[in-house]
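If you want the building blocks of each chain, they are given just below.
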Amino acid sequence: MATRKRTVVYDVRRHPELGAGGGIVSAPIVPVEGEVASDYSENFSGEHMLINIGPQHPATHGVLRLVLELDGETVIRCIPHIGYLHSSFEKLGEYRDWNQIVPLTDRMDYLAPLIYNCAYAMAVEKMMGVQVTERCKVVRVILMELDRIFSHLLWLGTTGIDLGAFTVFLYTFQERERIYNLHESYTGARITTSSTRIGGMMADLPAGWIEQLQSFISNFPRTLDEVETLLTNNAIWIGRTQDVGVITAEDAVNFGLSGANLRASGVAYDVRKDRPYYDYESYDFDVPVGEHGDIYDRYLCRMEEMRQSLRILQQAISRLPGGPINVSDPRVILPGKTATMNDMESMIHHFKIVMEGVRAPVGESWFSVESSKGELGMYVVSDGGSKPVRWRVRGPSFINIAALPHMIEGALLSDVIAVNASLDIVLGEIDR
Amino acid sequence: MSNDSFRKGLEGLDSGPAGSPRETPRVEAPEGGIPAHPTVDALRIQFGEAIGLHELVAGDEHVVYIDPARAFQILHWLRDEPGQQYDFLQDLTAVDYGNGTTIQVVWQLWSIPNRLNIRIKADLPLDALEVDSVYYVWRAADWLEREVWDLFGVTFRGHPDLRRILMPYNYTEGHPLRKDFPLRGRYSRAEQTQRALSMTIEDHYSAIELAVARRIGQDLPEVIVEGGTGLTDSVGMGSGAGDI
């Protein structure tokens, strides 16, 4: 049988600029040509073995189970098994009215809950033809960009741990704690935020929240720089990530990858740019695009995305308008307490919304936003009642992880952990 | 009226959510007709009769109904035709309106070069839930088709490995997202527990893995090793998870 060997471990030519500044680059790590590869084949060739990684394994980032057929240390076949966290959210949604589904959404991606809250509300609003207020739009942009950073930080920390860089985890989780505090002071919850409602938000931003956010924005770049110092030129990091888990642009599109995983392969597709929502076309930000489609480029893309999110956050804060956060449409938003008690019409609306829920006209919408993990699509179908006929989530992780076997078959066992980490999955949303 | 809709939610627990009216609800066309979509016109010229209704929903989303018998041809053409280039399969899913006659399969496409969306739908009668697989057109369809098979029971002809994905491999209660499927499942709680506890090691593996294990002469690896000899024991005795 043909021996598989690791093709490239460390390539200085790819980043000549790294050689100028630091001495790290001059230290080669692993010799890969010739001897090592033939050792593999002599000792291990032909000894096939079936092993199970997960479902309870920290490196699978949740209850993912991978069954690997190995030839020595080389992965011949990888079969992922999912469903261990299946909670039948989509089925449950058919028994809930439109607003009651919001708490289900943040339990899918508990690493970026606000993006899911917002995406769901936006899909239903689009289907119903509800235009949210200007303030609500900007607040949602702030929340979504904040959670993009939130999720990327977790990705960075845990991927660092998987590849042996423990310090990064401490740095990123310290920053995540600040975002947790922002979540908590706005929504009352750290993870299960459930903050959106059809037609607006559950409440306006509390006093002092924007100042708290601003202090995060001004302190965060320093941590990001420190993490970059730890990783970007780090010989071990480069050795473990460059040219590992490569997927070509053509394959990435065919497999339906999205988010940083797709852009690292050189495909410039970002929902915020291609189908702008909430005036994203008027924000000044760049979308980083990689070139090699390997773990290292995914890392660089996500690092840059965090910086770009900071830019968007700053612009959003500076343009945050005043005014109401909820629409005044009594079909979707509860009237105020005073109005309900004093005005017959408001009382009727209040009663209808509480007893029946918001009613959506016949229609449907497939609406997607750029979540931290890729394109997050929400498909909602209404038959005119107060409960959906179908609520479907196109989870980016679900589709990204399906490409895992394609990326690791033929690679080494140790790369499985690295590639799996680099895809940035969350099992809550894969299993739904 | 409000009383009805309130009861509607409770009833469903045992019987499945109340279905929609017998007719699949249709969105009314906007005044002044539906704006043209370049792909829809091209589809009509290319495939004629196989292209059905064209709808506009949610303001700007174009939906085209097609003849399920020609699904593969049409979808393949949409990806490969130079003028269309729908190279990105955003989503593949199904909708059961609960009208007892059809299940709708939905393909949501995006063209990265042309920056255009289109949604293709096909109505499949309940007694012939079969449509062509697009696995070899977009590999993204692999898991999506498995999911639709698992949850709705739609068979995708030509999919190389159509098996359950979210539900266990030995699940026999049917296809959970169908409208006639009760929220609590078809079996009693006692029976469900009993079935979960009596899973064998083979139930945790797909046919491919069983074949590989036979070929290399290896026992199947335990699924959860800690605290017992497999999933059965660790669940039954409540050890395992507690130790961590």
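For clarity, every value in this text was computed on a predicted model and none was experimentally measured.

J.: Tell me what's going on with the sheet that holds strand β2 (residues 65-71) of chain A, and back it up with residues and numbers.
T.: Residues and elements named next belong to chain A. Pairing in this open sheet of 3 strands is antiparallel, and the strands run β1-β2-β3 from one edge to the other. Here the strands that pair on one side only, and so sit at the sheet edges, are β1 (48-53) and β3 (74-81). Adjacent strand axes in the sheet meet at a mean angle of 20° when their direction is disregarded. Pairing geometry for β1 and β2, over 6 bridges, is antiparallel. When the bridges of β2 are listed, L50 appears paired with E69. The strands that helix α18 (residues 413-422) touches are β1, β2 and β3; relative to β2, the one it contacts most, it runs at about 150°.

J.: Any chance you could break down unusual backbone geometry for me, citing the residues and the numbers?
T.: Residues and elements named next belong to chain A. One non-glycine residue, S88, adopts positive backbone phi at about 50°. Structurally, S88 is set in the loop between β3 and α3 (89-93). Taking the relative accessible area as the measure of exposure, S88 reaches 27% and is therefore partly exposed. For Y278, which is not glycine, the phi dihedral falls at a positive 50°.

J.: Which residues make up the pattern of salt bridges, and what values do they have?
T.: Within the structure shown, the criterion is met by 43 salt bridges over all chains. Residue R115 of chain B pairs with D274 of chain A through a salt bridge whose shortest N-O separation is 3.3 Å. Within this pair, whereas R115 of chain B is found in the loop between β4 (102-111) and β5 (116-125), its partner D274 of chain A is found in helix α12 (residues 271-274), the two belonging to separate chains. Among the ionic pairs, E61 of chain B bridges to R119 of chain B, the shortest N-O distance being 2.3 Å. One end of the pair, E61 of chain B, is in strand β2 (residues 61-66); the other, R119 of chain B, is in strand β5, and 58 residues separate them in sequence. Taken as a pair, E61 of chain B and R119 of chain B share a single burial class, namely buried. The network of salt bridges with common partners includes E145, R148, R263, D270, R272, E305 and E370 of chain A.

Cut-offs applied
- Residues take numbers from 1 onward in each chain, read along the sequence in its written order.
- Going through the entries in the order they are written, you letter the chains from A and number the ligands from 1.
- Reporting in this predicted model follows two pLDDT cut-offs: at least 70 for local features of residues, and 80 or more for side-chain atom pairs to be given and counted; totals over whole chains, interfaces and linings ignore these cut-offs and use all residues.
- Hydrogen atoms and water are omitted, and side-chain values are computed over all heavy atoms in the structure.
- One bridge is not enough; two strands pair if DSSP finds at least two bridges between them.
- Under the scheme used here, helices are H or I runs from DSSP no shorter than 4 residues and strands are E runs no shorter than 2 residues, and both carry numbers assigned from the N terminus.
- Axis geometry follows a simple rule: fit a line to the C-alpha atoms, using only the stretch in contact for helices, then measure angles between N-to-C directions, giving values from 0 to 180 degrees.
- Residues are treated as being in contact if the distance between any of their heavy atoms lies within 4.5 Å.
- Each residue gets one of three labels from its accessible area relative to the maximum for its type: buried under 20%, exposed over 50%, partly exposed in between, using a 1.4 Å probe on protein chains only.
- Salt bridges, as used here, are contacts in which a Lys or Arg side-chain nitrogen is within 4 Å of a carboxyl oxygen on Asp or Glu.

This is a description of form; function is not addressed.
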